[in-house]
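Spelled out from the first residue to the last, the chains are:
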Amino acid sequence: MSANLPAAVVVLAAGEGTRMKSKTPKVLHEIAGRSLVGHVVSAARELEPEHLVVVVGHAREQVRGHLEEHYAGTRTAVQEEQNGTGHAVRMALEELGAAPEGTVVVVCGDTPLLSGDTLRALADTHAADGNAVTVLSAEVPDSTGYGRIVRDAATGAVTEIVEHKDASDEQRAIREINSGVFAFDGKLLAEALGQVRTDNSQGEEYLTDVLSILREAGHRVGASVAADHREILGINNRVQLAEARGLLNQRLLERAMLAGVTVVDPASVFVDVTVTFEPDAVILPGTQLLGATHVAEDAVVGPNTRLKDTTVGAGARVDNTVADSATVGAGASVGPYAYLRPGTSLGAKAKAGTYVEMKNATIGEGTKVPHLSYVGDATIGEYTNIGAASVFVNYDGEAKHHTTIGSHCKTGSDNMFVAPVTIGDGAYTAAGSVITKDVPAGALAVARGQQRNIEGWVARKRPGSAAAQAAQAGSEGSAVES
């Protein structure tokens, strides 16, 4: 951990982002389970700054509410009118009440790929070189359109940042560009902001003017080069949003694979930044892992599976499944084509099979619900088998009710369990039963009408039909055989 902890990090998030063409503020658009500004705040927090201030402006209440809900402790400063980046930083310092003693890092709220490691390297370079300002720069394959970093050949200090339109042919050949992320000496920053003018084409206070003001005052301006130029990419439209999502997803999957996770087809697997894995987990194609999902060792997830806030135990198998806020026990089996809704917990070696839906259900160890069933608001004990096409009737039109089935029970196919109802340990229920009363332990419950065969009904009621003809042929065939 670096000892160069900044006094403050300022996140610029006041802009409208009109090129997103969205009712959602740009910085609240999400990739990999976090908002754009959320990614930046999370990276900034890795520096453990004394103060973390987000400058808000457009849709401020919406952005502020998002920060309060997901990033408690983050302070906000309001930029009433978007009068430039220098003005935004000045609003942040006014929120702090005094110029911070130490380093102030300024970052953009639309750079979700920026990592805490890169920001820490920036702060370390700033301290080691004794700079008044340190620019986070990057060497890019194509620098067209970017501000070029011009350095002193002897000292390596930054002499100027030249915008593309103002650059000479020699300067346009420079591949090192300005990211818009800076580390400042807090006191010098506050003094220089007071000298920033607005006599430019936009009539705004530019933060980059601080660099020339401090350099002309004899202070050193340096640069820290990002290890990966893609980290500085800002988001201005939906195309760039998708590109950043792909890059971040690739980063997350590479990290997982290097930690011992098998991802069979990274191109078709998507994960959130909050997803965790254990070594030897296997992720098959077409899988989305979202929220606080955790996949334990030797578990196999996929193909074509979406899990959100779901825990998958060691050695479990989850196939063609949608699950939300569920727990799958060690060695359990889910799917294919299963749906686990919030509150579902499968015990070790339990099974939720094909076309099974569960909600708010606790399923004991070794218990199987193999196929074509709905289990809602229920508790089932250990090593019980639920027959096919069973429905836990939990809703009476006004309230939900609970069903309890004990351990080592065998329930027949096409059962209806009308809650509230309890089936005792070791009990059986007959196929086709509608269970409305409690069943004692070890009992057999039969709740269906007696079968009655009405001979000749088809011939009388459906004369001449295909069924009648088949029945007559079948009767004649039986008579010949007899």
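Because the structure is predicted, anything quoted here is derived from the model rather than measured. (Residues numbered from 1 in each chain as written. Predicted model: local features only at pLDDT ≥ 70, side-chain atom pairs only at ≥ 80, totals over all residues. Heavy atoms only, no water.)

A.B. asks: So what exactly am I meant to see when it comes to helix H3 (residues 85–96) here?
C.D. replies: Between its terminal C-alpha atoms H3 stretches 17 Å, which fits the 16 Å expected from 12 residues at 1.5 Å a residue. Along H3, the residues that are buried comprise Gly 86, His 87, Ala 88, Val 89, Met 91, Ala 92, Leu 93 and Leu 96. The elements touched by buried residues of H3 are strand E1 (8–13), strand E4 (51–56), strand E5 (75–78), strand E6 (103–108) and helix H6 (186–193). Within two residues after H3, Gly 97 carries a phi angle of roughly 90°, on the positive side. (Helix = DSSP H or I, 4+ residues; strand = E, 2+ residues; numbered from the N terminus. Expected span 1.5 Å × (residues − 1). Buried < 20%, exposed > 50% of the residue type's maximum accessible area, 1.4 Å probe, protein only. Contact = heavy atoms within 4.5 Å.)

A.B. asks: Honestly, the pairing of E1 in this entry has me stumped. Any pointers?
C.D. replies: Taken residue by residue, a regular strand's side chains alternate between the two faces of the sheet. With 6 of its 6 residues buried, E1 lies for the most part within the structure. Here E1 shows two buried faces, one formed by Ala 8, Val 10 and Leu 12 and the other by Val 9, Val 11 and Ala 13. With 5 bridges connecting them, E1 and E6 associate as parallel partners. Of the residues in E6, the one forming a bridge with Val 10 is Val 106. By the bridge criterion, 6 bridges tie E1 to E4 in an arrangement that is parallel. Along E4, the bridge assignment pairs Ala 13 with Val 56. (Pairing = 2+ DSSP bridges.)

A.B. asks: Could you clarify how one ought to interpret the environment of Met 20 in this entry?
C.D. replies: Note on placement: Met 20 falls in the loop between E1 and strand E2 (30–31). Classification of Met 20 as buried rests on a relative accessible area of 1%. When the C-alpha positions of Met 20 and Asp 209 are compared, they lie 28 Å apart, and in sequence the two are 189 residues distant.

A.B. asks: Explain helix H4 (residues 116–129) here, please?
C.D. replies: The periodicity of an α-helix, 3.6 residues per turn, causes residues three or four positions apart to be oriented the same way. Between its terminal C-alpha atoms H4 stretches 20 Å, which fits the 20 Å expected from 14 residues at 1.5 Å a residue. When H4 is considered as a whole, its buried residues turn out to be Gly 116, Thr 118, Leu 119, Arg 120, Leu 122, Ala 123 and His 126. Residues of H4 that are buried in the fold lie against helix H1 (36–45), E6, strand E7 (133–139), strand E10 (176–185) and strand E11 (221–225). Backbone geometry just downstream of H4 places Gly 130 in the positive-phi region, at approximately 65°.

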